[in-house]
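# Reading the structure
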Amino acid sequence: MDPFAGLAEAYEDWYRTPLGAFVISEEERALRGLLPEGQRLLEVGAGTGYWLRRLPYRERVGVEPSAAMRRVGEARTPEARWVAGKGEALPFGDGAFDAVLLFTTLEFVEDVERVLQEARRVLRPGGALLVGILDALSPWAALYRRLGEKGVRPWTHARFLAREDLAALLGPPEAEGGAVYLAPEASLPFPEADLAGRRAGNRPALYLGRWR
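Residues numbered from 1 in each chain as written. Predicted model: local features only at pLDDT ≥ 70, side-chain atom pairs only at ≥ 80, totals over all residues. Heavy atoms only, no water.

With that settled, consider the layout of surface pockets. Approximately 1200 Å³ is the volume found for the largest pocket. Contributing to the lining of the largest pocket are 44 residues, with Phe 4, Tyr 11, Thr 104, Phe 108 and Pro 154 lying nearest its centre. If you list the elements that add at least two residues to the lining of the largest pocket, you get α1 (18–34), β1 (40–44), β2 (59–64) and α4 (139–149). In terms of residues, the lining of the largest pocket owes the most to one element, α1, which gives 3 residues. For the lining of the largest pocket, the per-class residue count stands at 26 nonpolar, 9 polar and 9 charged. (1 Å grid on protein atoms, 1.4 Å probe; cavity = no way out; pocket = protein on both sides within 12 Å on 5 of 7 lines; lining within 4 Å. Points joined across faces, edges and corners; volume = space filled by probe spheres on them. Helix = DSSP H or I, 4+ residues; strand = E, 2+ residues; numbered from the N terminus. Nonpolar A, V, L, I, M, F, W, Y, C, P; charged D, E, K, R; others polar.)

What follows covers the environment of Val 115. Mapped onto the fold, Val 115 is located in helix α3 (residues 112–121). Between the C-alpha atom of Val 115 and that of Trp 82, which follows or precedes it by 33 residues, the distance is 18 Å.

Note on placement: Thr 105 falls in the loop between β4 (97–103) and α3. Relative accessible area serves as the criterion here: at 8%, Thr 105 is assigned to the buried category. Ignoring anything within four residues of it in the chain, the contact list for Thr 105 reads Val 44, Gly 45 and Gly 132. (Buried < 20%, exposed > 50% of the residue type's maximum accessible area, 1.4 Å probe, protein only. Contact = heavy atoms within 4.5 Å.)

Enumeration over the complete set of coordinates arrives at 13 aromatic pairs. Taken together, a centroid distance of 6.3 Å and an interplanar angle of 20° make the contact between Trp 155 and Phe 160 stacked. Relative accessible area serves as the criterion here: at 17%, Trp 155 is assigned to the buried category. Since its relative accessible area comes to 15%, Phe 160 is described here as buried. Ring-pair connections join several aromatic residues into one group, and the members of that group are Phe 4, Tyr 11, Trp 14, Tyr 15, Tyr 50, Trp 51, Phe 103, Phe 108, Trp 140, Tyr 144, Trp 155 and Phe 160. The side chain of Arg 54 reaches across the aromatic face of Tyr 50, ending 3.7 Å from its centre. (Phe/Tyr/Trp six-rings, centres within 6.5 Å; stacked < 30°, edge-to-face > 60°. Lys NZ or Arg CZ within 6 Å of the ring centre and 35° of its normal.)

To continue, consider the nonpolar core. Ranked by size, the top nonpolar core spans 37 residues in total, and within it Leu 31, Trp 51, Leu 101, Trp 140 and Phe 160 carry the most contacts. Mapped by element, the contributors of at least two residues to this core are α1, β4, β5 (123–134), α4, β6 (175–179) and β7 (206–211). Sorting elements by how many residues they give to this core places α1 first, with 7 residues. Setting aside residues no more than four positions away along its own chain, Leu 101 makes contact with Leu 31, Leu 41, Leu 42, Glu 43, Val 44, Trp 51, Leu 55 and Leu 130. (Core = buried A, V, L, I, M, F, W, Y, C linked by side-chain atoms within 4.5 Å.)

Counting buried positions along β2 gives 5 out of 6 residues, so the element sits mostly inside the fold. Where β1 lies against β2, 5 bridges are found, and the strand directions are parallel. Bridged to Val 44 within β2 is Val 63. Sheet analysis places β2 next to strand β3 (residues 81–84), joined by 4 bridges and oriented parallel. (Pairing = 2+ DSSP bridges.)

It is worth spelling out helix α2 (residues 67–76) at this point. Taken together, the buried positions of α2 are Ala 68, Met 69, Arg 70, Val 72 and Gly 73. Of the surrounding elements, those touching the buried residues of α2 are β2 and β3.

Time to look at the sheet that holds β4. Read across the open sheet, the 7 strands follow the order β3-β2-β1-β4-β5-β7-β6; overall the sheet is mixed. At either end of the open sheet lies a strand with only one pairing partner, and these are β3 and β6. On average, each strand axis in the sheet is inclined to that of its neighbour by 15°, with strand direction left out of account. Relative to β7, β6 runs antiparallel, the two sharing 5 bridges. Note on β7: the bridge partner recorded for Ala 179 is Leu 206. Relative to β6, α1 is tilted by about 175°, and along the sheet it contacts β4, β5, β6 and β7. Running over the sheet, helix α5 (residues 163–170) touches β5 and β7 and is turned about 155° from β5. (Axes fitted to C-alpha atoms, helices over the stretch in contact; angles between N-to-C directions.)

On their own, these measurements won't tell you what the molecule is for.
Here's what the structure looks like:
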């Protein structure tokens with residue numbers, strides 16, 4: 001079952017709301033701060049191509065298992081090459097890419113360890129793996145778990161990891177960062193709410209790590 005069926009066309013609409021626009025801008029700031037150098041980028045679980053449209057790589061390839069998301073991605077991001085596939089069995093040779101991005105993808109895969117193994121396999125020697133997760137101990141993951149319990153897709157199919165889980169699987173990251181410390185019910189002004197979340201000790205909604 002495709003948890004994203006029927007959601008693809010409106011998937012990016014939330015980014016146009018005031019809270020969504022703040023969240024995605026903070027996530028982009030954190031992501032760009034960790035981008036590795038290189039020419040060839042593979043995004044596993046590329047969704048509708050939101051990041052493929054924005055990241056500065058000469059060659060961009062998106063792997064997406066959801067036919068619905070891939071159709072929207074192909075229409076909105078024709079400059080990227082789109083491939084139907086799953087992270088557990090990437091259809092590329094060893095060492096094909098300079099960088100591999102998994103951005104809130106591990107939440108929806110069947111075998112996390114296998115996906116990470118495949119991501120490392122298709123990286124060239126010295127290439128970089130960049131992983132972003134919705135931290136399991138953040139207020140946002142708590143909200144998404146609750147939505148999943150109520151049958152709201154795609155969260156019915158999500159499983160959450162914490163940054164400690166990634167460290168156990170991949171070892172210490174070369175670099176790391178986070179974004180979005182405010183709570184999901186925060187109100188304007190969002191920068192002040194985000195600072196208050198930091199002071200309160202909230203886990204960031206998004207944890208990002210980079211591994212070589």
